[in-house]
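# Observations on chain architecture
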Amino acid sequence: MTAAADVHPAPPTDNHAGRILVLDFGSQYTRLIARRVREAGVYSEIRSCDIGDDALAAFGPRGIVLSGGPESVTDGGGLPIPEAVFTAGVPVLGICYGMQAMAARFGGVVESSDAREFGMAELRARGHSDLLRGIEDRTGPGGEGLLDVWMSHGDRVTALPDGFRTIASSPNAPIAGIAHPARRLYGLQFHPEVTHTRQGTAILERFVNGICGCPPVRTPANIVAETVAAIRERVGEEGRVLLALSGGVDSSVAAALLHRAIGDRVTGIFVDNGLLRRGEGDQVMETLARGQGVRVRRIDAGSRFLAALRGIEDPERKRNAIGNLFIEIFEEEAERAGRASFLAQGTIYPDVIESARADTGKAAVIKSHHNVGGLPERMRLTLVEPLRELFKDEVRAVGVELGLPRALVFRHPFPGPGLAVRVLGEVREDRLERLRAADAIFLEELRRAGWYDRVAQAFAVFLPVRSVGVMGDQRRHEPVVVLRAVETGDFMTARAARLPWELLETVSTRIVNEVPGVSRVGVDVTSKPPATIEWE
């Protein structure tokens with residue numbers, strides 16, 4: 001065992017000591033709630049709104065948040081709140097639909113409103129409640145606290161249940177916040193989890209840290225210590241690990257954690273699948289092998305992946321084909337290595353959620369991730385996923401804590417299936433080459449203009465459609481490339497980056513002139529939601 005693995009620090013602080021359970025009723029913002037709770041230094045998980053009593057008790061929450069959702073409780077409809085939520089003896093916060101369902105459960109009246117609220121609203125805090133006391137954006141003429149909040153609802157509570165009182169109101173929603181102080185039940189018609197609600201973070205911190213009494217112990221240092229201890233416990237004193245490396249942020253942070261935990265008993269396997277960006281394979285080897293001291297073996301498998309993808313156009317079939325071949329290759333390498341019995345991956349929490357592998361049946365499968373939805377049922381290697389509980393921003397914070405280079409930690413994300421999901425339709429080598437060239441030009445010009453670090457993710461997409469163009473008096477009928485750049489802090493929601501027109505014009509001109517076989521360049525300005533960041 002190496003010196004790195006022999007160093008056993010003091011037992012880490014339990015990052016799960018205070019747990020907040022987020023029950024999903026189908027809101028597009030549910031994941032934001034969980035992330036905001038994490039930002040308050042408290043562990044959270046998303047589960048289905050129909051969670052069983054035993055599962056709820058086993059989770060052991062210190063508080064429960066009920067998300068919004070598209071359902072309506074009017075006319076006796078909607079999704080019910082499990083009774084165990086109210087018998088658990090912990091504080092409960094209902095948001096939007098969660099508030100309406102709570103009010104209806106205790107005998108209040110919820111009705112459809114002609115004056116619906118979608119967007120910003122000014123809210124008045126009332127009654128000096130434990131949840132909102134002292135939290136305000138400004139004061140009104142009578143000294144009342146006022147908040148700028150984000151509303152998104154058609155139904156509203158029109159009559160309070162017994163024991164509840166109003167703690168907030170807006171012109172269109174006289175009952176915009178409710179509380180039953182004795183039972184520690186709270187409801188908000190607005191969405192504190194979105195950034196548009198300026199004091200949303202303060203409100204959720206008040207609920208999580210104050211009312212629920214959860215200490216803010218979930219720090220990057222504590223996450224590192226706890227994860228290292230968990231890796232050692234899972235792998236044991238003699239276990240050896242093969243690490244699936246892509247060179248991206250997630251697998252690089254996983255590599256650093258594993259190396260700190262078990263030293264040279266981890267071997268990185270970098271599968272060059274032929275689906276990488278220009279020059280990326282060499283960059284991966286240099287960054288991981290030299291920068292982190294991790295042993296890395298490079299497997300050139302581009303021809304195998306292209307053969308596996310031949311004739312496939314459906315994006316889900318692409319991801320599954322790539323995932324199956326990845327695991328097949330790792331199992332081959334495990335047999336060559338002889339003693340490895342664990343496979344480590346950089347799976348993160350959004351991967352699990354988007355693949356609908358979390359315990360919530362209310363989120364539809366958005367896309368399968370090759371390291372989640374693409375795994376074959378029978379594997380000869382035991383999985384180790386040190387980042388499985390982390391959101392992307394938490395992964396980056398852990399990377400900084402581990403001392404990884406900033407250029408690596410804040411590098412734009414790259415999908416596990418690589419360019420296979422940026423070449424729409426069948427993946428062919430000629431299409432990959434055009435996309436690599438166009439993508440390289442786009443990123444080069446972003447860096448030159450100082451925009452690379454101002455956007456969260458940027459890339460080019462190859463469309464298998466042909467557009468008429470003219471060059472040198474010659475008619476061209478060739479494919480199209482689309483540019484995509486987004487701004488986001490959590491990758492759960494995003495908006496298209498407002499790139500300067502001059503920059504876009506420069507990129508377009510260079511691509512059409514320098515990349516043979518591209519006739520036209522477009523720009524994707526769609527937000528997430530309704531779109532995803534990647535096209536497939």
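Model, not experiment: these values are computed from the prediction.

### Considerations on the pairing of strand S2 (residues 43-48)
- Burial analysis of S2 places six of its six residues in the buried class, the great majority of the element.
- In the sheet, strand S1 (residues 19-24) pairs with S2 via six bridges, with the strands oriented parallel. The residue bridging Arg19 from the neighbouring strand is Tyr43, located in S2.

### Let's talk about the sheet that holds strand S13 (residues 295-300)
- Taken in spatial order, the five strands make up an open sheet running S13-S12-S11-S14-S15, and their pairing is parallel. The two strands at the open ends of the sheet, each matched to only one other strand, are S13 and strand S15 (382-384). Strand after strand, the sheet turns through a mean of 30° between neighbouring axes, direction not considered.
- Bridging between strand S11 (residues 241-245) and strand S12 (residues 266-272) involves five bridges; their strand directions are parallel. Along S12, the bridge assignment pairs Val241 with Val266.
- On the sheet, helix H7 (residues 220-235) packs against S11, strand S14 (342-344) and S15 and is oriented at approximately 170° with respect to S15.

### Some points on the packing of helix H8 (residues 249-262) against helix H13 (residues 392-401)
- Contact geometry of H8 with H13 gives a least axis separation of 10 Å together with a crossing angle of 45°. The orientation of H8 relative to H13 falls into the category oblique. Every pair of crossing elements has a handedness; the one defined by H8 and H13 is left-handed. Where H8 abuts H13, its residues Val249, Asp250, Val253 and Leu257 lie against Lys392, Val395, Arg396, Val398 and Gly399.
- In terms of residue class, the contact of H8 with H13 is built from five nonpolar, one polar and three charged.

### Some details on the environment of Val235
- Tracing the sequence through the fold places Val235 in helix H7.
- Between the alpha carbons of Val235 and Thr382 there is a distance of 9.5 Å; along the sequence they are 147 residues apart.
- Contact partners of Val235, with chain neighbours within four places excluded, come to Arg240, Val241, Ile262, Arg265, Phe342 and Val384.

### Topic: the environment of Gly263
- Note on placement: Gly263 falls in the loop between H8 and S12.
- Once the C-alpha coordinates of Gly263 and Gly293 are considered, the two residues, 30 residues apart in sequence, prove to be 9.3 Å apart.

### Digging into H8
- Over its 14 residues, H8 extends 20 Å from the first C-alpha to the last, a length consistent with the 20 Å expected when each residue adds 1.5 Å.
- Considered for burial, the residues of H8 that qualify are Val249, Asp250, Ser251, Ser252, Val253, Ala254, Ala255, Ala256, Leu257, Leu258, Ala261 and Ile262.
- Looking one or two places after H8, you find Gly263, whose phi comes out positive at around 60°.

About the criteria used
Residues numbered from 1 in each chain as written. Predicted model: local features only at pLDDT ≥ 70, side-chain atom pairs only at ≥ 80, totals over all residues. Heavy atoms only, no water. Buried < 20%, exposed > 50% of the residue type's maximum accessible area, 1.4 Å probe, protein only. Helix = DSSP H or I, 4+ residues; strand = E, 2+ residues; numbered from the N terminus. Pairing = 2+ DSSP bridges. Axes fitted to C-alpha atoms, helices over the stretch in contact; angles between N-to-C directions. Contact = heavy atoms within 4.5 Å. Parallel < 35°, antiparallel > 145°, perpendicular 65-115°, else oblique. Left-handed = near helix turned anticlockwise from the far one by under 90°. Nonpolar A, V, L, I, M, F, W, Y, C, P; charged D, E, K, R; others polar. Expected span 1.5 Å × (residues − 1).

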